[in-house]
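# Coordinates in review
The lines below spell out each chain.
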Amino acid sequence: MSDFHKVAPTSEIEEGEIKSFIVESEIVAVCKVDGEYYAFKDECSHQTLPLSDGDIQGEIVTCCYHGAEFNVKTGEALCLPATDPIEIFEVKIENDEIFVKLG
Amino acid sequence: MAIEFNNKVESYVNGLPEFQKTYFKEIPSWLSDIKNEAIKSFSKLGFPTPLDEDWRFTNLAPISRNSFQIASNGISEVNKESIDKFSIPSLDCHKLIFVNGRYVSDLSDIKSDADGIVIKSLKEALNSDKDLVEKHLGKYAEYKNDAFISLNTAYFEDGVFVYVPKSKIAEKPVYVLNISTNEEAQSLVNPRNLVIVEDNAEVKVVEHYVSTAQNVYLSNVVTEFVLGENANAEHYMLELESKKAFNISTLRIQQKRSSNIKSHSILLGGAIVRNNVHPVLNGEGCNSDIFGLYLPKDRQHMDNFMRVEHASPHCDSRQFYNGILDDKARGVFHGRIVVHEGAMLTDAKQTNRNLLLSDTAQIDTKPQLEIYNYDVKCTHGATIGQMDDEAIFYLKSRGIPNKEARRIMLQSFTNETLESMSLEPVRESMENLILEWFEESFANK
Amino acid sequence: MSVDFEKLADQEYKYGFSTNVEQEIAPVGLNEDVIKMISAKKNEPEWLLEWRLEAYKNWLKMKEPDWAFIKYPKIDFNKISYYAGTKNVERPKSLDEIDPEIRETYDKLGIPLEEQKMLAGVTNVAVDAVFDSVSLFTTFKEKLAEDGVIFCSISEAVEDHPELIKKYLGSVVPKNDNFYACLNSAVFTDGSFVYIPEGVRCPMELSTYFRINAENTGQFERTLIIAEKGSYVSYLEGCTAPQRDENQLHAAVVELVAHEDATIKYSTIQNWYPGDKNGKGGIYNFVTKRGRCIGDNSHISWTQVETGSAITWKYPSCILEGDNSVGEFYSVALTNRYQQADTGTKMIHVGKNTKSTIISKGISAGHGQNTYRGLVDIGKNANNARNYTQCDSMLIGDECGAHTFPYIEVKNSTAHMEHEASTSKIGEDQLFYCQQRGISAEDAVSLIVNGFCKEVFKELPFEFAVEAEKLLSVSLEGSVG
């Protein structure tokens, strides 16, 4: 379970963009902030809704449904209505491909 | 050519004519009509999202955004030995084997039972028991407003058909083993079962789902139970599929006066599992007992959705759902008791208890009462907690080692739902699997 | 049942009269100009107008929620007037400056605006009286000021204590929180503001009395209560409205902030006009109430008695952020005639050792539909969080409905959560027993219902508990079948 899964070529995600992928039975959101790639579970901790529908500004992703904010590097919840962090996945880049490890 | 589906609802609509041509030599027009109606409903409904209240805690994107194709027959992978490996030991039964959703008569073993009892593949029954099938199939499992039932209705090919005529008792249980094999592409199977139990008749049916490999695929099951007056039935749903599989199942029970149903769902396998149980108590004096046990671990997601409809007076229903969650697992319990206007003197009780073994596991529970009648006694309760430290301390003070004490505690918790099983061998076999589950869980701590 | 309750007189709504007073009413409809007008009327600073306009822009994009278990014709938000004020421009300095018609109204309602008067003769209660869109008068202000307690209308607070408003307004219920809260943020007119300084135990009960009078208007009040470290306050709100054939909208927002060791008790007796016995008219009560237990050991307690309104949609909530903080919710909701209520609470456990208790009593009679909907959320870090929930419903008559929809979400393995619910009819043997002892059927029902609700009533300040019992009896009259 703990291996890395190939998600997409790095070229598929642009700076400040957030995209959602299906990795086995998980939904993983991947974004690019200051040239680095970050991955997290594509689900707001407040309600089971996709964060990838929202916007990312700097390292903060905002859920478009109820306005919760999270830090994509740490997963930390930054404002109400969210009170719990989101799950962060480890990312690895190899040969211009993004790999994600499901915890 | 394989019939393929992608993340677009249209692909499911477009595949249907080809599917009917390929898998039915001569499809009766009434069935073809139902299938066409069903896919129309599906195209209207699409896959549910967490914005649908009934799917609030379960995100189906891994299913709706995935690609699937109708499974090949995969029989070469299965033989007598592999069947013995999966089957429940020492269960004296009518054994029906389905591989990738298709009946395999060579591997099955249907014994002779009381006169007039019919146990066979549904596909066969479409011809041999045409009138009965036409009368009941799709009449209870409402495909008009449920996406998965509509998908199953459109794309089912086979399943089990059981008919127990008036006052007959099926001595041996009907055991249905569904095996999914190692496919190259992600496959979709839609088993469809129909069980008709006439007045004063009796039957037990065991549905068992397993996989030969750790594959991603979708099983979308629909089972309809039709109970006549004073009929007795027991149903088992044993979900032991690959930890990457998706399993959506719906058990729809239609009850007439004084009939009794006892249903057990044991969820151990699967990545995303949704188990729907929906009895309608449509006649005075019905009894409906529903038991559920779910043990998700790793990243498993198990969603129990139950709706009990009291449509007639003097009916009793009991629901007991217990869950143990470990690792990053997620459990959902959604139970609703609906008491309709005329259903006087309803007695309904619902309990959901949960144990969390890890801080990363999550449980969402929604026990609900919807009542339109004043003369009722309805209660529900839910608890969430962890193993009782004091009880463990007590056991330890009596010389029982810690691990053993923990095992005893968990076992007593799971036994609350297991002990109601009347089929001893099924219960034992489940107990053993659950013990293995505990061992694994303790070993990781 | 041996007694035909239908024959018993149908008691009319006691507070259904209207006051004939000259008012200034904004033209119907909602647009930026109306918001600017409201803001200007209240001499608001620029930032608050901006805040309102932002909320309005967001509201235009939002969808009216449809998940609640209530049915009503679609509200045309452009057929409502968003402001109804009394003519006098200046804030009244003393009671004598208030329109005598309005004073009479409050006398009829039994609300003491004169400071020497006491409710039920026990303790003093300070009152803020809100009439449609404007707060008329706040009593005992000077006396409270001696302890540093600020109790005034929110419009006054905007002018006199802008720093507090800027810091706390929207900090509990963000302006875009939900459809009705967002609408409120755009057009809120008045409401109460309470500030209890550090270490102060508020010397008297504070209360706000909301009255809707004007036709075709909505009431959008906003209440903000801040309890600093170690302080205590008990606050009560009451509401009534005239009997009118059309439905009127009431969309309030209440925000509570409890700092370390502070306690806020918030009680509501809601008696808006429920509509007539055929379901015509009545108030639509769509309210967002939420409290934040920010500090450790803080405590917020909601008690509500909901007997009025055609529709009630209300979930007073607690966010338990501080360690050891406590949230409580005690509720009696009664639906009679064609009333519908979808009400409950949310307890969000964030801090360690947080505790919450939910006691909800629903009574359905006539054609009433009564729904409890509640959330208990125990977060990842809320170690040893505890919740106990009990929801009981009682059904009187065979055309009503009672529904219980709890949501429980737990992400911590040390949590303890218990939920119990039951639904049953009023006990025939209990009724029989009472009648046998010469208690009339109606009194017996009232007695049994009051017993059913006792756990909630005991949380109310004494004077109001008496009121609540009376109110419940009156609301039940002539409804039992």
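Here goes a summary of the coordinates provided. Along every chain, residues carry numbers that run from 1 in the direction the sequence is written. Lettering for chains starts from A, numbering for ligands starts from 1, and both go in the order in which the items are written. Totals for whole chains, interfaces and linings use every residue, but because this is a predicted model, local features are given only for residues with pLDDT of at least 70 and side-chain atom pairs only at 80 or more, for both listing and counting. Processing note: side-chain calculations cover all non-hydrogen atoms of the structure and skip hydrogens and water entirely.

### Some details on the overall build of chain B
Our working rule: Put simply, DSSP marks the helices as runs of H or I at least four residues long and the strands as runs of E at least two long, and each gets a number from the N terminus on. The reference for a compact globule is 2.2 Å times residues^0.38; the radius of gyration itself is calculated from the C-alpha atoms. A 1.4 Å probe rolled over the protein chains alone gives each residue an accessible area, and that area as a share of the maximum for its type sets the label: buried under 20%, exposed over 50%, partly exposed in between. Between two residues, a contact is recorded if the distance between any of their heavy atoms is within 4.5 Å. To measure how exposed things are, a 1.4 Å probe is used in the Shrake-Rupley method; for residues, cover is taken only from the protein chains shown. Charge counting treats Lys and Arg as positive and Asp and Glu as negative, with His and both chain ends excluded. The atoms used to mark charge sites are NZ of Lys, CZ of Arg, CG of Asp and CD of Glu.
Counting its secondary structure elements, chain B contains 10 helices and 22 strands. Relative to the 2.2 N^0.38 estimate, which gives 22 Å for 445 residues, the radius of gyration of chain B is 21 Å and therefore close to what a compact globule would have. Viewed in the frame of its principal axes, chain B has a C-alpha envelope of about 70 × 50 × 45 Å. Looking at chain B residue by residue over its 445 residues, the buried ones come to 64%. Taking the intrachain contacts of chain B between residues at least 6 apart in sequence as the baseline, contacts between residues at least 24 apart amount to 84%. If you sum the accessible surface of chain B, you get close to 16,100 Å²; carbon and sulfur atoms cover 46% of it. Positive and negative side-chain charges of chain B, numbering 49 and 63 respectively, have mean locations separated by a distance of 2 Å.

### Considerations on the overall build of chain A
Scanning chain A from N- to C-terminus turns up zero helices and 10 strands. In chain A, the succession of helices and strands from N to C terminus is β-β-β-β-β-β-β-β-β-β. Relative to a compact globule of 103 residues, whose C-alpha radius of gyration would be 13 Å, chain A shows 13 Å and is just as compact. In terms of principal-axis extent, the alpha carbons of chain A reach across some 40 × 30 × 20 Å. Counting the 103 residues in chain A, one finds 50% classified as buried. Across chain A, contacts joining residues at least 24 apart in sequence account for 37% of those joining residues at least 6 apart. Put simply, chain A shows about 4,500 Å² of open surface, and 41% of that area lies on carbon and sulfur atoms. Between the averaged position of the 7 positive side-chain charges in chain A and that of its 22 negative side-chain charges there is a distance of 6 Å.

### Digging into the pairing of strand β19 (residues 330-339) of chain B
Residue and element names in this part refer to chain B. Defined as follows: DSSP calls a pair of strands paired once it identifies at least 2 bridges connecting them.
Summarising burial for β19: 10 of the 10 residues are buried, a large majority. Note: β19 against strand β21 (residues 362-371), 10 bridges, orientation parallel. The residue of β21 that forms the bridge with R336 is Q368.

### Concerning the sheet that holds strand β7 (residues 69-71) of chain A
All names here are of chain A. Keep this limit in mind: Here the axes come from fitting lines to C-alpha atoms, over the contacting stretch only for helices, and the angles between their N-to-C directions go from 0 to 180 degrees.
Spatially, β5-β6-β7-β8 is the arrangement adopted by the four strands of the open sheet, whose pairing is antiparallel. Since the sheet does not close on itself, it has two edges, and those belong to β5 (55-57) and β8 (77-79), each with one partner. Averaged over neighbouring strand pairs, the angle between their axes works out to 30° when direction is ignored.

### Focus on a negative patch on the surface
The test is simple: Note on patches: the residues involved have over 30% relative accessible area and no salt bridge, like charges join within 9 Å, and the nonpolar side chains Val, Leu, Ile, Met, Phe, Trp and Tyr join within 5 Å. A side-chain nitrogen of Lys or Arg and a carboxyl oxygen of Asp or Glu constitute a salt bridge if their distance falls within 4 Å.
Taken together, C:E198, C:E260, C:D261 and C:D296 make up a surface patch of like negative charges. The residue C:E198 is located in the loop between β6 (192-196) and β7 (205-211) in this model.

### Digging into the packing of aromatic side chains
We apply this condition: A pair of Phe, Tyr and Trp rings is counted when the ring centres sit within 6.5 Å of each other, with Trp represented by its six-membered ring. The angle between the planes then sorts it: under 30 degrees is stacked, over 60 is edge-to-face, the rest tilted. Working rule: Lys NZ or Arg CZ, within 6 Å of ring centre, within 35 degrees of ring normal, means a charge sits over the ring.
Counted under the stated rule, the structure contains 31 aromatic pairs over all chains. With a centroid separation of 5.8 Å and 15° between ring planes, the pair formed by B:F291 and B:F320 is classed as stacked. Placement of the pair is B:F291 in strand β16 (residues 287-294) and B:F320 in strand β18 (residues 316-325), with a sequence separation of 29 residues. What makes B:F291 buried here is its relative accessible area of 8%. Geometrically, the ring pair formed by B:Y321 and B:F333 is tilted, given 5.0 Å between the ring centres and 50° between the ring planes. Here B:Y321, found in strand β18, pairs with B:F333, found in strand β19; they are 12 residues apart in sequence, far enough to count as distant. Here the two residues B:Y321 and B:F333 agree in accessibility, since each one is buried. Pairwise contacts between aromatic rings join B:F5, B:Y12, B:F19, B:Y23, B:F24, B:F42, B:F47, B:W55, B:F148 and B:Y155 into one cluster. We note A:K92 situated over the ring of A:F99; from NZ or CZ to the ring centre the distance is 5.7 Å. For the cation-ring pair, B:K297 lies above B:W437, with the distance from its terminal atom to the ring centre recorded as 4.5 Å.

### A word on unusual backbone geometry
With an omega of 5°, the peptide bond running from A:L80 to A:P81 counts as cis. With respect to the secondary-structure elements, A:P81 resides in the loop between β8 and β9 (88-94). Even without being glycine, A:N95 reaches a positive phi, approximately 50°. Within the secondary structure, A:N95 sits in the loop between β9 and β10 (97-101). Exposure remark for A:N95: the relative accessible area of 73% places this residue in the exposed category. Its identity is not glycine, yet B:N230 carries a phi of approximately 60°, on the positive side. Positionally, B:N230 belongs in the loop between β11 (217-227) and β12 (232-240).

### Overview of the nonpolar core
One recurring pattern in soluble globular proteins is that nonpolar side chains are buried together. How we decide: The term nonpolar core refers to a set of buried residues drawn from Ala, Val, Leu, Ile, Met, Phe, Trp, Tyr and Cys, joined through side-chain atoms within 4.5 Å.
Core analysis: the biggest nonpolar cluster contains 94 residues, and B:V174, B:V203, B:F225, C:L206 and C:V410 have the highest contact counts within it. No other element matches strand β22 (residues 376-385) of chain B, which puts four residues into this core. Beyond its immediate stretch of four places on either side in the chain, B:F225 contacts B:V195, B:V205, B:A233, B:E234, B:H235, B:L251, B:R252, B:I253, B:Q254 and B:I261. One finds B:L16, B:V133, B:Y143 and B:A147 within the second-largest nonpolar core, a separate group that totals 49 residues.

### Observations regarding helix α2 (residues 29-45) of chain B
Residue and element names in this part refer to chain B. Rules: The span you would expect from a helix comes to 1.5 Å times its residue count less one.
An ideal rise of 1.5 Å per residue puts 24 Å on 17 residues; α2 measures up with 24 Å between its terminal C-alpha atoms. Considered for burial, the residues of α2 that qualify are W30, L31, S32, I34, K35, A38, I39, S41 and F42. Backbone geometry just downstream of α2 places G46 in the positive-phi region, at approximately 65°.

### A few points about the interface of chain C and chain A
We count it as follows: We define buried area as the total accessible area lost by two parts upon association, computed with a 1.4 Å probe and summed across both. When residue character is reported, Ala, Val, Leu, Ile, Met, Phe, Trp, Tyr, Cys and Pro are called nonpolar, Asp, Glu, Lys and Arg charged, and the others, Gly included, polar.
With nine residues of chain C at the contact, the number on the chain A side is six residues. Between chain C and chain A, roughly 620 Å² of surface is buried when both sides are summed, and carbon and sulfur atoms account for 52% of that area. Taken as a group, C:V350, C:K380 and C:K411 account for 41% of the area that chain C buries against chain A, more than any other trio of residues on that side. Linking chain C with chain A are one salt bridge, by the criterion used here. With a shortest N-O distance of 3.4 Å, A:D84 and C:K411 are connected by a salt bridge. Residue classes in the side of chain C that touches chain A are distributed as three nonpolar, two polar and four charged.

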